[in-house]
Amino acid sequence: MDERWVAALAGLSVVSMVAMAIKMNQTDRLLEQERKKRQDERTGRTRVQKLRELLNATANPEDENSDGVPFKPIGFVHSAFRDRRGTPRQGCLVPHSTAFIEFSSHVNALSSLDGLQEFSHVWVLGIFHENTNVGKSGGISAKIKPPRLRGVKVGLYSTRTPHRYNPISLSLAKIDKIETKVVKGKTVTRLWLSGIDLIHGTPILDIKPYLPAYDAMESEDVRVASWVAEEDADIGFRFDEVIIPDSVREEFRESVADKLEFYSPDHFLEAVEEILVTDIRSEFQRKLQHKLESGATTAYSFRLDTTKVEFTIKDGTKIWVTGISPHQEL
């Protein structure tokens, strides 16, 4: 073989090795960042427990030395979303999402809810109780990176991030029904909601009926940031199709469907499609997938109702559900 060809091939080999080393180094850095993030979350769980203890304590507003918050949850959410992964960014993105608020014993729920059945929607104010940066050293970050801005920072008050100085949530949901039933010998009142974006265990501070005449602004008076208003703002975060193969559907109906707590089998499958089409992966997972070799597949999962839903991404445009199995409650 000509010496020039040998030299050229050797050069290409060196270039390939350098490129591979760079890619491996980038992947290692991303994995280290994720490891540190998980460590921070574990540390944050103790702070979450402190927040829960604070919420469960009723402060005395007249006590100037009180360090508590003069609010006591009126109830707690029982949701098909067992943790943050898979929970929609906005409830309207997943119309088949479902949950109920079970009211605490100190609330005269039956009387307090009288008349609410005449409304279709309700505002729900709660607490982001699973925030792992509660009380974090250095405080809350005043600027964050919304997913749509691909790394550009804006002030937290121009976003709907859950990581706020006062971690209060505001959700608009559809009222499905109000029911009173006996559970373990106690009479409880529940407000069932759909199109909801709250996870299981969320403490609720208040609910208010949605009034279109006051809550819906005239379109000509409304202005929003361009990165929110752009029609293509969701490009990269929505998939063309969610595919649930017949074999997965059959296995689900045979071994899982009768164990669901919140859904009928058909509504459950519709909810899975609504959840996955919006791309529930974290920014880290997207970056890591981008660093992997072309054609490589990564397995993902999330919990919904009493199940674990597993899926992969095909051709970067389609979601392929690979399994729906029972998930043992932790």
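Residues numbered from 1 in each chain as written. Predicted model: local features only at pLDDT ≥ 70, side-chain atom pairs only at ≥ 80, totals over all residues. Heavy atoms only, no water.

Caption draft 1: Up close: the nonpolar core. Ranked by internal contacts, the top residues of the largest apolar core, which has 32 residues, are Phe268, Leu304 and Val321. Elements with a minimum of two residues in this core: helix 5 (246-255), helix 6 (265-276), strand 10 (300-304), strand 11 (307-314) and strand 12 (318-326). Of all the elements, helix 6 adds the most residues to this core, at 6 residues. Not counting the four nearest positions on each side in its chain, Leu304 is found in contact with Ala80, Phe81, Tyr263, Phe268, Ala271, Val272 and Ile275. Counting residues in each nonpolar core, the second largest holds 19 residues, with Ala99, Leu116, Val122 and Val124 among its members. (Core = buried A, V, L, I, M, F, W, Y, C linked by side-chain atoms within 4.5 Å. Buried < 20%, exposed > 50% of the residue type's maximum accessible area, 1.4 Å probe, protein only. Helix = DSSP H or I, 4+ residues; strand = E, 2+ residues; numbered from the N terminus. Contact = heavy atoms within 4.5 Å.)

Caption draft 2: Local environment of the packing of helix 5 against helix 6. For the pair helix 5 and helix 6, interaxial distance at closest approach is 11 Å and the crossing angle is 135°. In terms of orientation, helix 5 and helix 6 fall into the oblique class. Seen along the crossing, helix 5 lies across helix 6 with a hand that is right-handed. Between helix 5, through Arg249, Phe252 and Arg253, and helix 6, the contact on the second element is made entirely by Pro265, Asp266, Phe268, Leu269 and Glu273. Classifying every residue of the contact of helix 5 with helix 6 by side-chain character gives 4 nonpolar, no polar and 4 charged. (Axes fitted to C-alpha atoms, helices over the stretch in contact; angles between N-to-C directions. Parallel < 35°, antiparallel > 145°, perpendicular 65-115°, else oblique. Left-handed = near helix turned anticlockwise from the far one by under 90°. Nonpolar A, V, L, I, M, F, W, Y, C, P; charged D, E, K, R; others polar.)

Caption draft 3: Broad picture of the environment of Trp320. Relative to the assigned elements, Trp320 resides in strand 12. Judged by relative accessible area, Trp320 falls into the partly exposed class, the value being 32%. Residues Trp320 and Pro245 lie 75 residues apart in sequence; the distance between their C-alpha atoms is 7.9 Å. With sequence-adjacent residues up to four places away left out, Trp320 is seen in contact with Ile243, Pro245, Glu310, Phe311, Thr312 and Lys314.

Caption draft 4: Spotlight on the side chain of Arg164. Within the secondary structure layout, Arg164 lies in the loop between strand 5 (154-155) and strand 6 (168-183). Buried and without a salt bridge, Arg164 has Asp197 as its closest oppositely charged side chain, separated by 11 Å. Look past the residues within four positions of Arg164 in its chain and what remains in contact with it is Ile140, Leu156, Tyr157 and Thr159. (Lys, Arg positive; Asp, Glu negative; His and termini not counted. Salt bridge = Lys/Arg side-chain N within 4 Å of Asp/Glu carboxyl O.)

Such coordinate-based values are descriptive only and should not be taken to indicate function.
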